[in-house]
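# Notes for the structure review
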Amino acid sequence: MAAETITSGPAATWLRKRSRISAIEIVFWLAALLPFVLLPSYLSLASQIAIAALFALSVDLVLGYAGIITLGHAMFFGLGAYAAAILAKHGWGEPLTGLLVAALVAGAAGFVTSFVIVRVQHLALIMITLGLGLLTYELANSFSSITGGTDGLGVEIWPVLGIFDFDLWGYTAYGYALAMLFIGVLIARRIVNSSFGLALTGIRENNARMPAIGSAYRVHLQKIYIISAAMAGVAGALLTETTGTVSLDTLSFQRSADVVVMLILGGTGRLYGGIIGAVIFLIARDRLSDMNPQYWYFWIGLLLMAVVLVMPGGILGGLSRVFRWGAK
Amino acid sequence: MAVVLFDGFAFGMLLFVLSVGLSVTFGLMNFINLAHCAFGMLGGYVAVVAMRAFGVPFLLALPFAFLAAGLVSVVLERSFFRRLYRAGGLNQVLFTIGMVFVAAASFAYFFGTGQQPIVLPDYLQGYWEVNGLRFGTYRIFLVAVSLVIAGLLVYGLEHTRFGARIRAAVDNQRVAQGLGLDVDTIFAITFALGAGLAGLGGALAIGIVGLDPSFGFHYLVYVLIVVAVGGLGSIGGSFVAAALLGIFDVAGKYFVPDMGAFLIYLFMVVLLLVRPLGLFGKR
């Protein structure tokens, strides 16, 4: 795609401007370190949030930036989770290798399914992603000798980099997950602020125009789908490694739906949308399920309806509108 | 074998009643209503309450389920859905999934999370014996009801004045409006009809698959498969797809229980690859 790379002109200036790191981002990452000192008893929730945020970021790449509506992304999350677990089960519990293998397995699955994904649109696309997700779930359920079926697998994970052992309080787990989320954001921001990212946005906005101006739009979509699949796989592997277990629910439809909900709550097509959404969703779920364990999803449902009706751009979209309005 | 085929067909007919409304409203308004099965759930609970608290006989509880789901859907359509007609697929998907969450939690709050059993009248229980094969009476009833509904729908859409108006409104909304048709009202009525059918399906489902607050999610997948495989807005397509899916599902669980639901999902993915618009899709 070298011919499409933008190096000069207004688009290049715009891209360079966009890829500058803003003050609010630095504040965000400093705030992400606070749980270590202020909320040590919530570290396991915090690492769940970081993992969910990485997963949401991977979905944002395909849904928010490339416009591929997917209801089956748990497929890659679960494949990554099982890849890391099965590797550890066979005597290699080194965490970083686990992440790498998970990325490769999920990315390979993304490569195979991407040929299907780019061929269909609208309802058929929603149904195919949903169907592929359910298909993987049923496969894992059928091959219970490998996956442990409904019981799942428990695994032994070695210390990170050979130094940091996974402790009971979750210091290592959170630090590890947060570091991976940070790397994920760096990769994603490099992608979306490139000419490739611009091409994706172009495809999302008008998928008849891009091929007309000579863009190989199917190849673009396939590429981002594979990258996103690998990233989701890493998120799944992180869950396995930080909790020491994996179960079928990493592949469930509920997980695919939850991650889309997080993304929408935060705002699609913005790097931090999924992260903010994951923070809100998981904290809300934690608080609400403490208060009334059975009905927390009532409020999540209500929140979702409200976001669609009142704040179509999600919470970040709403905020940025408020700021723009305030600046006038 | 024949009994498995028949049970599968009966289950398929249940799916047909549950999903045909979605196929029609979906094809009509381009509105991805994932809350469709929540209307089915609503109908089911209305039937349960009517029978338990007010002693309404089963056959009379069915129209109640139909009317209740239809009425509620009109209120929701007028207040929320119509704003989302142009909001894009993703917003519709999310809004209606949010509704399913709310509905499931509400029903769990009022009725608990357990199954809601009902007592079927005597004449719908038991078996009919034909050549030594035993066919469930309730399943025969289900097939009969579904065939009548399919017939009425096809007749209503193809041969009545209102059907012609619906088709006109679907084919070209602006021209239909220009010709003086009240497209808004037509849409509202059609939507109510679709949701009402879902409600009826929910009430009918209690006798076969039971009813609990997860109904709205659980059967959503089946219903979406029927709609996607059958093709949008095609009653015949929904009928064939529902029958195939029901037979596949029941036979699969009976003959290869290890595979679970794997076969139907595979079937759907392959079919959508070959024909993205479904078996009988028009657009």
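Going along each chain's sequence as written, the residues are numbered from 1 onward. In the order they appear in the text, chains get letters beginning with A and ligands get numbers beginning with 1. Where local features are concerned, this predicted model is filtered to residues with pLDDT of at least 70; where side-chain atom pairs are given and counted, the filter is 80 or more; whole-chain, interface and lining totals use all residues. Based on all heavy atoms of the structure, the side-chain values leave hydrogens and waters out of the count.

Looking now at the nonpolar core. Only buried Ala, Val, Leu, Ile, Met, Phe, Trp, Tyr and Cys residues count toward a nonpolar core, and they belong to the same one when joined by side-chain atoms within 4.5 Å. Only protein chains enter the calculation, and the probe is 1.4 Å; a residue is then buried if its accessible area is under 20% of its type maximum, exposed if over 50%, and partly exposed in between. Of all hydrophobic cores here, the largest spans 215 residues; its most connected members are Met127 and Leu181 of chain A together with Phe58, Phe81 and Leu204 of chain B. Only DSSP runs of H or I reaching four residues or more are called helices, and only runs of E reaching two or more are called strands; each is numbered from the N terminus. Per-element accounting of this core gives the leading share, 17 residues, to helix α3 (residues 43-65) of chain A. Pairs of residues are marked as contacts when any of their non-hydrogen atoms sit within 4.5 Å. Not counting the four nearest positions on each side in its chain, Phe58 of chain B is found in contact with Met51, Ile118, Leu120, Pro121, Leu124, Tyr138, Phe141 and Ala203 of chain B. If you look at the next biggest cluster of nonpolar residues, it comprises six residues, including Met13, Phe135, Val143 and Ala243 of chain B.

Another point: the pattern of salt bridges. Residues and elements named next belong to chain A. Any Lys or Arg side-chain nitrogen located within 4 Å of an Asp or Glu carboxyl oxygen qualifies as a salt bridge. Going through the model one piece at a time under the given rule, you end up with nine salt bridges over all chains. Salt-bridge contacts for Arg255 lead to Asp249; the nearest nitrogen and oxygen are separated by 3.2 Å. Of the residues examined, Arg255 reaches a relative accessible area of 23% and is grouped as partly exposed. Using a relative accessible area of 41% as the deciding quantity, one classes Asp249 as partly exposed. Close ionic contact of Asp258 with Arg285 constitutes a salt bridge, the shortest N to O distance being 3.8 Å. Placement of Asp258 in helix α12 (residues 253-266) and of Arg285 in helix α13 (residues 273-291) is noted, with a sequence separation of 27 residues between them. Residue classification places Asp258 among the buried residues on the basis of a relative accessible area of 9%. On the accessibility criterion, Arg285 (25% relative accessible area) is partly exposed.

Often, the extent of an interface is quoted as the loss of accessible area upon association of its parts. The interface of chain A with chain B comprises 33 residues on the first partner and 38 residues on the second. Of the roughly 3400 Å² buried between chain A and chain B on both sides combined, carbon and sulfur atoms contribute 86%. Linking chain A with chain B are zero salt bridges. Polar contact is defined as a pair of N or O atoms within 3.5 Å, subject to the rule that within protein one atom must be able to donate a hydrogen and the other to accept it, and that residues adjacent in sequence are counted only when both atoms are side-chain atoms. Applying the counting criterion to the chain A and chain B interface returns zero residue pairs in polar contact (both at pLDDT 80 or more). Ranked by the residues each element gives to the side of chain A that touches chain B, the list is headed by helix α6 (residues 122-142) of chain A, at 13 residues. Buried area: the accessible surface (1.4 Å probe) lost by two parts on joining, summed over both.

Everything listed is a geometric property; what it means functionally is a separate question.
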